[in-house]
Amino acid sequence: MSEVGRAWGRRLNPSLVVGGVLVTAIVVLALVSYVWTPWPPMRVLPVEAYQTPNAEHWLGTDRFRRDVFTQILVGARTTLYVGLVAVGVAAVVGVPLGILAAMSPGWLGQVVMRTNDVLLAFPALLLAIMFAALYGGSTRVAMIAIGIATIPAFARITRSGALGVMKSEYVVAARAAGRSPLAIAWRHVLPNVAGLVIVQASVSFAIAILAEAALAYLGLGTPTGQASWGRMLYEAQTTLRSAPHLALVPGAAIALSVLGFNLFGDGLRDWLDPRLERR
């Protein structure tokens with residue numbers, strides 16, 4: 001049985017619960033934005049700019065007289081979209097590379113991991129800035145760049161787990177029975193490294209959120225006309241004294257999202273590995 005299957009009967013730890021609550025809240029905000037928002041996200045409203053939170057505009061209005069709460073709702077959708085695509089790209093490429101490096105002959109595994117190390121030298125934010133300079137700033141370019149920069153983390157963690165699985169008795173028995181490497185990877189290696197991949201996905205999601213927000217703040221990510229928490233920070237930097245809530249609200253949303261995914265990842269790691277929980 002895989003680590004994920006054995007974990008269902010264990011007690012949930014506080015990090016997993018708190019992180020799960022925060023992540024669920026972000027997901028709920030994003031889903032609600034598809035069916036309801038108090039005001040159209042980017043509409044210039046016939047009201048005063050820089051309104052403080054009130055009954056009509058729960059989080060006030062910005063300098064363009066747009067509703068801040070509406071932008072927070074739609075920004076959650078953008079944040080999750082970027083994170084899902086970036087982490088998906090990294091997992092789809094990195095996990096097979098990690099398994100290949102663990103199961104292949106020594107020289108091929110070394111080539112894969114040395115190439116992986118070269119890519120590891122480029123942080124997600126730096127690679128995203130390079131891509132934005134080459135192809136222009138957009139949400140799509142940011143997602144692809146963040147995903148490519150996160151591939152090494154998935155490859156390394158998958159290879160580490162796969163090397164341990166390859167030494168197990170059931171894999172040795174499967175080899176002796178004449179099963180193909182592809183069958184062994186699918187039936188034995190992948191289920192037993194799934195827990196590591198899930199934890200890495202949660203941590204990488206937090207990194208993707210920060211990278212997207214940083215790119216939008218620098219004007220290289222989500223373009224003008226699309227709601228994004230990083231874009232909201234970028235537009236609020238000139239009003240930190242006169243209207244600090246315009247920066248505090250998206251900043252708090254980013255911080256809570258990153259905290260939630262990090263706690264969720266730490267909690268998953270402890271939940272999937274009972275030895276860490278006992279320590």
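Residues numbered from 1 in each chain as written. Predicted model: local features only at pLDDT ≥ 70, side-chain atom pairs only at ≥ 80, totals over all residues. Heavy atoms only, no water.

### As for the overall build of the protein
When you go through the protein residue by residue, the secondary structure sums to 11 helices and 0 strands. For the protein, the succession of helices and strands along the chain, N to C, is α-α-α-α-α-α-α-α-α-α-α. A principal-axis box enclosing the C-alpha atoms of the protein has dimensions of 75 × 45 × 35 Å. Counting only contacts in the protein whose residues sit at least 6 apart along the sequence, the fraction spanning at least 24 positions is 70%. Total accessible area computed for the protein in this model is approximately 14,100 Å², and 67% of it derives from carbon and sulfur atoms. Within the protein, the 13 negative side-chain charges are centred at a point lying 9 Å from the centre of the 22 positive side-chain charges. (Helix = DSSP H or I, 4+ residues; strand = E, 2+ residues; numbered from the N terminus. Contact = heavy atoms within 4.5 Å. Areas by Shrake-Rupley, 256 points an atom, 1.4 Å probe, with all protein chains shown as cover. Lys, Arg positive; Asp, Glu negative; His and termini not counted. Charge placed at Lys NZ, Arg CZ, Asp CG, Glu CD.)

### Focus: helix H8 (residues 181–217)
An ideal rise of 1.5 Å per residue puts 54 Å on 37 residues; H8 reaches only 46 Å between its terminal C-alpha atoms. At Leu190, H8 shows its maximal kink, close to 45°; a proline, Pro191, follows between one and four residues later. Gly219 sits one or two positions beyond H8 and adopts a positive phi of about 80°. (Expected span 1.5 Å × (residues − 1). Bend = angle between axes of the 7 residues up to and from the residue.)

### What about the nonpolar core?
If you look at the biggest cluster of nonpolar residues, it comprises 39 residues, and the most contacted ones within it are Ile72, Val189, Trp229 and Phe261. Listing elements by their share of this core, those giving two or more residues are helix H2 (14–35), helix H3 (68–103), helix H6 (139–166), helix H7 (169–176), H8, helix H9 (229–236) and helix H10 (245–272). By size, the runner-up hydrophobic cluster in this structure holds 6 residues, among which are Val82, Met143, Ile146 and Ala208. (Core = buried A, V, L, I, M, F, W, Y, C linked by side-chain atoms within 4.5 Å. Buried < 20%, exposed > 50% of the residue type's maximum accessible area, 1.4 Å probe, protein only.)

### Here's the deal with a nonpolar patch on the surface
Taken together, the side chains of Val27, Leu31, Tyr34, Val35, Trp36 and Trp58 make up a nonpolar region of the molecular surface, amounting to roughly 690 Å² of accessible area. Note that Val35 resides in helix H2. By relative accessible area, Val35 is classed as exposed at 72%. (Patch = residues over 30% accessible without salt bridge, like charges linked within 9 Å, V, L, I, M, F, W, Y side chains within 5 Å. Salt bridge = Lys/Arg side-chain N within 4 Å of Asp/Glu carboxyl O.)

### Some details on empty space enclosed by the protein
Scanning all chains against the criterion turns up 1 cavity of 30 Å³ or more. Roughly 70 Å³ of internal volume is contained in the largest cavity. What lines the largest cavity is simply Asp62, Arg63, Arg66, Val68, Gln71, Met232, Glu235, Ala236 and Leu246. Take the lining of the largest cavity: its biggest share by element is 3 residues, from H9. (1 Å grid on protein atoms, 1.4 Å probe; cavity = no way out; pocket = protein on both sides within 12 Å on 5 of 7 lines; lining within 4 Å. Points joined across faces, edges and corners; volume = space filled by probe spheres on them.)

### Observations regarding the packing of aromatic side chains
Inspection of every chain in the model, using the stated rule, returns 4 aromatic pairs. With centroids separated by 5.0 Å and ring planes inclined at 50°, the aromatic side chains of Trp58 and Phe69 adopt a geometry described as tilted. Here Trp58 is found in the loop between H2 and H3, whereas its partner Phe69 is found in helix H3, with 11 residues between them in sequence. One residue, Arg77, lies across the ring of Tyr34, its end atom 4.3 Å from the ring centre. (Phe/Tyr/Trp six-rings, centres within 6.5 Å; stacked < 30°, edge-to-face > 60°. Lys NZ or Arg CZ within 6 Å of the ring centre and 35° of its normal.)

### Digging into the packing of helix H5 (residues 124–135) against H8
Packing of H5 against H8 leaves a shortest axis separation of 10 Å and a crossing angle of 40°. Taken together, H5 and H8 sit at an angle that is classed as oblique. In this structure, H5 crosses over H8, and the sense of that crossing is right-handed. In this structure, H5 uses Leu125, Ala128 and Ile129 to contact H8, whose residues at the interface are Ala211, Ala214 and Leu215. A breakdown of the residues in the contact of H5 with H8 according to their chemical character gives 6 nonpolar, no polar and no charged. (Axes fitted to C-alpha atoms, helices over the stretch in contact; angles between N-to-C directions. Parallel < 35°, antiparallel > 145°, perpendicular 65-115°, else oblique. Left-handed = near helix turned anticlockwise from the far one by under 90°. Nonpolar A, V, L, I, M, F, W, Y, C, P; charged D, E, K, R; others polar.)

### Digging into H3
With 36 residues, H3 ought to run about 52 Å at 1.5 Å a step, and its terminal C-alpha atoms sit 51 Å apart, in line with that. If you check the start of H3, you find a side-chain oxygen 3.5 Å away from the backbone N of Phe69, and it comes from Asp67. (Polar contact = N/O pair within 3.5 Å; in protein donor to acceptor, adjacent residues only side chain to side chain.)

This is a description of form; function is not addressed.
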